[in-house]
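Survey of secondary and tertiary structure
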Amino acid sequence: MKRMSILLFGLLVPSCGAERTAGPSGTPTTSAAAPVATVPVAPAGPEQVKQVTVPAAVQALLAAPDRTEEDRALDQGRHAEQMLAFLGVRPGQKVAELAAGRGYTSELLARAVGPEGVVYVQNPPRLLKMFAEKPLAERMQRAVMKPAVRADRELDDPLPPEARDLDAVVMVLFYHDTVWLGTDRAKMNQAVFAALRKGGVYLVIDHSGRPGTGTTEAKTLHRIEETGVRKEIEQAGFRLAAEADFLRNPADARDWNDSPREAGARRGTSDRFVLKFIKP
C-alpha cells in the first residue's frame, strides 16, 4: 500500500522545472521546461553630475600668467574650470567651437589640447560683422592660439571638410541665437554628428527658458527651453550621456534678458543647462 501511494504521488505531482506527461504505454515521461520570458532592460538615463572634480592640470591652465584680465573676469560667471573638467578635453585632441564669438572658450580649448591638438574656431559671417571680427583677429595672433584654425562659415554647415573624427564640439550660450538667425538646426546638428568620431562629445550650454516657452523667447530674453534643445539634438542621432548642475541657479525667475548687453550686474547669474551628448 505504501509503495502504491508513492507511485501515485509521483504520477500526480511533476518534479520542479519539468512537466510530466503520459507516454504511449501510459508511463510518465518528462519534457523540457518551458523557456522563461526575458524582460528587456531599459537603457540607463543620463548621468546627473552634481559636483565636478577639477584636475590640477585644468586649474593650472586657468592660472596661466599670459591670460588677459578680460578673460579672467569671465571665468567665475562661466565656471570655466568646471566646464573644462566636465568636457574632459585632453592634449593632442581635435575639437571645435561653434559660434565662438571673440574666442574666450576657444582659447581655453587651445590651451587644453596644446600645440599638438587642433581647435576649429567657427563663426557665421553675420556674427563676425556684428561684434567679433576685430577682437577675434587679435586673439588669433597670440602664441597660445597656435592650435586654432578659423572657420568662418554659416552654422548650417559649420565645419570645413577636413574637420573629421573630432573628439568634441562645443556651443556655449548660443544655441538660442540660432533661432532668430534662421539657422537650419537639424542640418547643423547632423553636420556636428558627421564630424565627430564615434564616442565624441557634443557639449551644449545655454540659458534656460521657462517650461512651455520653447523657442519663443530666444530673441527677446535670449533663452531657450531645455527639453526642446535635447529633443532636436537627439533627433540627429546623439545620446544624452550626462548633464551637470554647476551653472544652475534655482533663484533665477528666467523672465529677464540675459544677453551680455542687457544683463548688467546680473550677467553670469542666469539658470543655465549643461548637456553632454555622445555620438554612439
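The structure displayed is predicted, hence computed values, not measured ones.

Some details on the overall build of the chain
Scanning the chain from terminus to terminus reveals ten helices and ten strands. Here the chain holds 280 residues, and the buried ones make up 46% of them. For the chain, restricting intrachain contacts to residue pairs at least 6 apart in sequence, the fraction spanning at least 24 positions comes to 73%. Accessible surface, the chain: about 15,000 Å² in total, of which carbon and sulfur atoms supply 56%.

Some thoughts on the environment of L128
For L128, the position within the fold is in helix 6 (residues 125–140). Taking the C-alpha atoms as reference points, L128 and R102, 26 residues apart in sequence, are found 8.4 Å from one another. In contact with L128, other than residues within four places in its own chain, are N123, E133, L136, R150 and D152.

As for the side chain of D71
Structurally, the position occupied by D71 is in helix 3 (residues 69–78). By relative accessible area, which is 2% here, D71 ends up buried. Setting aside chain neighbours within four positions, we find D71 in contact with Y104, E107 and R139.

So, the packing of aromatic side chains
Two descriptors summarise a pair of aromatic rings, namely the distance from one centre to the other and the angle between the planes of the rings. Under the defined criterion, the tally for this structure stands at five aromatic pairs. On the numbers, 5.2 Å between centres and 45° between planes, the contact of Y202 with F238 is tilted. Taken together, the positions of Y202 in strand 8 (residues 196–207) and F238 in the loop between helix 9 (226–235) and strand 9 (239–244) put the pair 36 residues apart, joining distant regions of the chain. A centroid spacing of 6.4 Å and a plane angle of 45° characterise the contact between Y202 and F277, whose relative ring orientation is tilted. Note that Y202 is positioned in strand 8 and F277 in strand 10 (residues 272–278), a separation of 75 residues in sequence. In this structure Y202 comes out as buried when scored by relative accessible area, which is 0%. Classification of F277 as buried rests on a relative accessible area of 0%. Here the aromatic cluster, defined as three or more aromatic residues joined through ring pairs, consists of F193, Y202, F238 and F277. The ring centre of W256 lies 4.2 Å from the NZ or CZ of R266, which sits over that ring. Seen from the ring of F86, K276 lies directly overhead, with NZ or CZ sitting 4.5 Å from the centre.

Each value, and the rule that gives it
Residues numbered from 1 in each chain as written. Predicted model: local features only at pLDDT ≥ 70, side-chain atom pairs only at ≥ 80, totals over all residues. Heavy atoms only, no water. Helix = DSSP H or I, 4+ residues; strand = E, 2+ residues; numbered from the N terminus. Buried < 20%, exposed > 50% of the residue type's maximum accessible area, 1.4 Å probe, protein only. Contact = heavy atoms within 4.5 Å. Areas by Shrake-Rupley, 256 points an atom, 1.4 Å probe, with all protein chains shown as cover. Phe/Tyr/Trp six-rings, centres within 6.5 Å; stacked < 30°, edge-to-face > 60°. Lys NZ or Arg CZ within 6 Å of the ring centre and 35° of its normal.

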